[in-house]
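Structural description and commentary
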Amino acid sequence: MSTMNGILSIGRNALAEQQLAINITGNNIANANTPGYTRQRVNMQSSLPVAYPPPGPPGVIGTGVTATEIQRLGDRYITEQIVNAQQDLGRWETRYGVLAQAETVFSENSGFGLSGAMDDFWNAWQGLANNPAGYPERQVLLSKSELMASTFNDAADQIERLRQDTDAQLAGNIDRINRIADQITDLNGKIEMIEHAGHNANDYRDSRDQLLKDLAGLVDFSMAEHNRGVVTVTLGDGNLLVGEPPFGRLAVTFNPLSGMQDIVWDSAPATVINGSLTGGKLGGLLEARDSLLPEYRTRLDDLAATLIGEVNTLHAAGAGLSDSVSRDFFIGTDAADIAVNPAIAANVSHIAAAADPAFVPGDNGNAIAMSNLRIALTMSGATATFDEAYQSLVTRAGFQAQESKDYNGHQEQLLQYLENYRESIAGVSIDEEMVNLVKFQHAYDAAAKLITMVDEMMTTLINMV
């Protein structure tokens, strides 16, 4: 096409396409700091010349430029890696948050804790053995016994309250998950409609990827993109949270047996899916609530129950100052309800320091036996003392908290690496966009100059006629 009209057409197309390129470049610059934004690029190609009728002697001449696509310069594989890393980070971050609080329950940093309370309890029995008829020693033993029982009660109460607080967080996170799922479903519809018409839904895809990342921080899932641009989200139990149609929405229901909330689908409220959710914040909360915290409580209860049993067995066989009536020293069954027998608290002469039912002054056999319980192998299948069993619990809690902290730090670094890698591919470089802006501006100016030149040529031609 070599006519003046053809040249005008080339110039007009060039103006339109370079303006489009400038618009896209401006949009990139405007979103340089927008989280999740993916850089876009206009792909151009030379307009195909008319093949028929056959070209004249000079040969085939092109007809200008055409924008073929506004391309989104993202990498789907990197996006999926980021989503997977976010699931793991959500789990470890939440797990560490809960266990860091649990660790403080057993902390001795304040100068006193259960370990110190048990030491004082055993020492008080030793003090009574030195003067079995002494009322001051008996009052000290009562005081230290009540303090140890109270410390057991406080530790059990703190673990239970932490477990209840963890449970209470489930409902709020379930609501967030459902809202995000609704938003992804809405974006799926828009993307499908736009891309079915032959266009790229770039900005909608950016928004959807950001929502998928947010969802991954809350719950683990697998995702797949279908040929219509629709993404499905499948939870660990194999049912669709986002899809056509979704299995339903997540919900919580109270379990009267455990006293905690279970996670179910509203379409299948009788089927609990707690065990299928292992990642994201939800997975971390469930793991802490149903596994880690109950383990600490069980071990603490075992310690208290064994101590109650061993002390009561010895005490019932001994004799107090005024009589030899068989009495338990403690009441209760575990760490939550251990307490000193009210009969003993009301009259310390009932403390059985003597081994002989016919108490004689100086008989301290039972007090010595009580003191020796400190070093007896009474715990963990007769392989550990009370102190060793408690230190094992403290070590276990500390190790799991530190493990969670380390994995959380590792996942943060991995996610940052993936985000940086994504930015190197899909992020906006202001310097590069400025170069492109100058390039497209010059091309636009040149196209405008071409049109001006043809206008002048046509004016000259008309004047000649």
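First, a word on what this report is: a plain description of the structure on this page. (Residues numbered from 1 in each chain as written. Predicted model: local features only at pLDDT ≥ 70, side-chain atom pairs only at ≥ 80, totals over all residues. Heavy atoms only, no water.)

1. So, the side chain of Thr38
Note on placement: Thr38 falls in the loop between helix 1 (4-30) and strand 1 (40-46). For Thr38, a relative accessible area of 1% corresponds to the buried category. At 2.8 Å, the side chain of Thr38 forms a polar contact with the side chain of Asp206. In this structure the side chain of Thr38 is engaged in a polar contact, spanning 2.8 Å, whose partner is the side chain of Arg422. Setting aside its immediate chain neighbours within four residues, Thr38 contacts Arg72, Leu73, Gly74, Asp206, Arg422 and Ala426. (Helix = DSSP H or I, 4+ residues; strand = E, 2+ residues; numbered from the N terminus. Buried < 20%, exposed > 50% of the residue type's maximum accessible area, 1.4 Å probe, protein only. Polar contact = N/O pair within 3.5 Å; in protein donor to acceptor, adjacent residues only side chain to side chain. Contact = heavy atoms within 4.5 Å.)

2. Description of the pairing of strand 4 (residues 231-234)
Residues Val231 and Val233 of strand 4 are buried on one face, and the alternating residues Thr232 and Thr234, pointing to the opposite face, are buried as well. In the sheet, strand 3 (residues 222-225) pairs with strand 4 via four bridges, with the strands oriented antiparallel. In the sheet register, Glu225 faces strand 4, and the bridge partner there is Val231. Where strand 4 meets strand 5 (residues 240-242), two bridges bridge the pair, whose relative direction is antiparallel. Along strand 5, the bridge assignment pairs Val233 with Val242. Between the end of strand 4 and the start of strand 5, which pair antiparallel, lie five residues, with Gly238 showing a positive phi angle near 90 degrees. (Pairing = 2+ DSSP bridges.)

3. Structural notes on the packing of aromatic side chains
Following the criterion strictly, the structure yields 12 aromatic pairs and no others. The ring of Trp92 is capped by Arg91, whose NZ or CZ atom sits 4.3 Å from the centre of that ring. (Phe/Tyr/Trp six-rings, centres within 6.5 Å; stacked < 30°, edge-to-face > 60°. Lys NZ or Arg CZ within 6 Å of the ring centre and 35° of its normal.)

4. Let's talk about empty space enclosed by the protein
Counted according to the given criterion, the structure contains one cavity of 30 Å³ or more. Taken as a whole, the largest cavity encloses approximately 40 Å³ of empty space. Around the largest cavity, the lining residues are His315, Gly318, Ala319, Gly320, Asp323, Val325, Arg327, His350 and Ala352. Taken together, the residues that form the lining of the largest cavity break down as three nonpolar, four polar and two charged. (1 Å grid on protein atoms, 1.4 Å probe; cavity = no way out; pocket = protein on both sides within 12 Å on 5 of 7 lines; lining within 4 Å. Points joined across faces, edges and corners; volume = space filled by probe spheres on them. Nonpolar A, V, L, I, M, F, W, Y, C, P; charged D, E, K, R; others polar.)

5. Details of the sheet that holds strand 3
As summarised here, the arrangement of the three strands in space is 3-4-5, forming an open sheet in which the pairing is antiparallel. Each end of this open sheet is capped by a strand with a single partner; those strands are strand 3 and strand 5. Here the average twist between neighbouring strands, direction ignored, is 30 degrees. Where helix 4 (residues 135-196) meets the sheet, its contacts fall on strand 4 and strand 5, and the angle it forms with strand 5 comes to roughly 65 degrees. (Axes fitted to C-alpha atoms, helices over the stretch in contact; angles between N-to-C directions.)

6. Remarks on a nonpolar patch on the surface
Side chains of Leu414, Tyr417 and Tyr421 sit close together on the surface and give an oily, nonpolar patch of about 310 Å² of accessible area. If you trace the backbone, Tyr421 turns up in helix 9 (residues 386-426). (Patch = residues over 30% accessible without salt bridge, like charges linked within 9 Å, V, L, I, M, F, W, Y side chains within 5 Å. Areas by Shrake-Rupley, 256 points an atom, 1.4 Å probe, with all protein chains shown as cover. Salt bridge = Lys/Arg side-chain N within 4 Å of Asp/Glu carboxyl O.)

7. Structural notes on helix 2 (residues 76-105)
For helix 2, spanning 30 residues, the distance from its first C-alpha to its last is 45 Å, which sits close to the expected 44 Å at 1.5 Å a residue. Where helix 2 begins, one side-chain oxygen reaches toward the backbone nitrogen of Tyr77, 2.9 Å away; that side chain belongs to Asp75. (Expected span 1.5 Å × (residues − 1).)

8. Notes on unusual backbone geometry
In this structure, Pro245 follows Glu244 across a cis peptide bond, with omega equal to -10 degrees. Note on placement: Pro245 falls in the loop between strand 5 and strand 6 (250-255). One non-glycine residue with positive phi stands out, namely Ser380, at about 55 degrees. Position of Ser380 relative to the elements: it lies in the loop between helix 8 (365-372) and helix 9. Backbone geometry places Ala382, a non-glycine residue, at a positive phi of 60 degrees. Among the residues examined, Ala382 registers a relative accessible area of 48% and is labelled partly exposed.

9. Brief notes about the nonpolar core
Membership of the largest hydrophobic core comes to 53 residues, with the highest contact counts inside it found for Phe152 and Phe330. Of all the secondary-structure elements, those providing two or more residues to this core are helix 2, helix 3 (114-130), helix 4, helix 6 (280-317), helix 8 and helix 9. The element contributing the most residues to this core is helix 6, with 10 residues. With residues near it in sequence (within four places) discarded, Phe330 still touches Phe121, Ser145, Met148, Leu307, Ile308, Val311, Asn312, Ile338, Ala339, Val340 and Asn341. By size, the runner-up hydrophobic cluster in this structure holds 30 residues, among which are Ala181, Leu250, Leu277 and Leu286. (Core = buried A, V, L, I, M, F, W, Y, C linked by side-chain atoms within 4.5 Å.)

10. Focus on the pattern of salt bridges
For the structure on display, the rule yields 27 salt bridges. Between Arg76 and Asp209 there is a salt bridge whose closest N-O contact spans 3.0 Å. Placement of the pair is Arg76 in helix 2 and Asp209 in helix 5 (residues 202-216), with a sequence separation of 133 residues. Here Arg76 falls in the partly exposed class, since its relative accessible area comes to 25%. With its nearest N and O atoms 3.3 Å apart, the salt bridge here joins Arg95 to Glu287.

11. A word on the packing of helix 6 against helix 9
The interhelical angle for the contact between helix 6 and helix 9, taken along N-to-C directions, is 170 degrees, at an axis separation of 11 Å. As judged from the angle between their axes, helix 6 and helix 9 are roughly antiparallel. Taken together, the residues of helix 9 that come into contact with helix 6 (itself represented by Leu292, Glu295, Tyr296, Arg299, Leu300, Leu303, Thr306, Leu307 and Glu310) are Phe386, Ala389, Tyr390, Ser392, Leu393, Arg396, Ala397 and Gln400. Among the residues forming the contact of helix 6 with helix 9, the class breakdown is 10 nonpolar, three polar and four charged. (Parallel < 35°, antiparallel > 145°, perpendicular 65-115°, else oblique.)

12. Overview of helix 8
For helix 8, the set of buried residues is Asn366, Ala367, Met370 and Ser371. Down the axis of helix 8, the smallest arc covering the buried residues is 140 degrees, so these residues share one side. (Arc of directions from axis to C-beta.)

13. Things to note about the layout of surface pockets
Within this model, the largest pocket holds a volume of roughly 310 Å³. In terms of lining, the largest pocket is formed by 22 residues, of which the most central are Pro35, Gly36, Gln210, Glu419 and Arg422. At the level of elements, helix 2, helix 5 and helix 9 are the ones that each hand at least two residues to the lining of the largest pocket.

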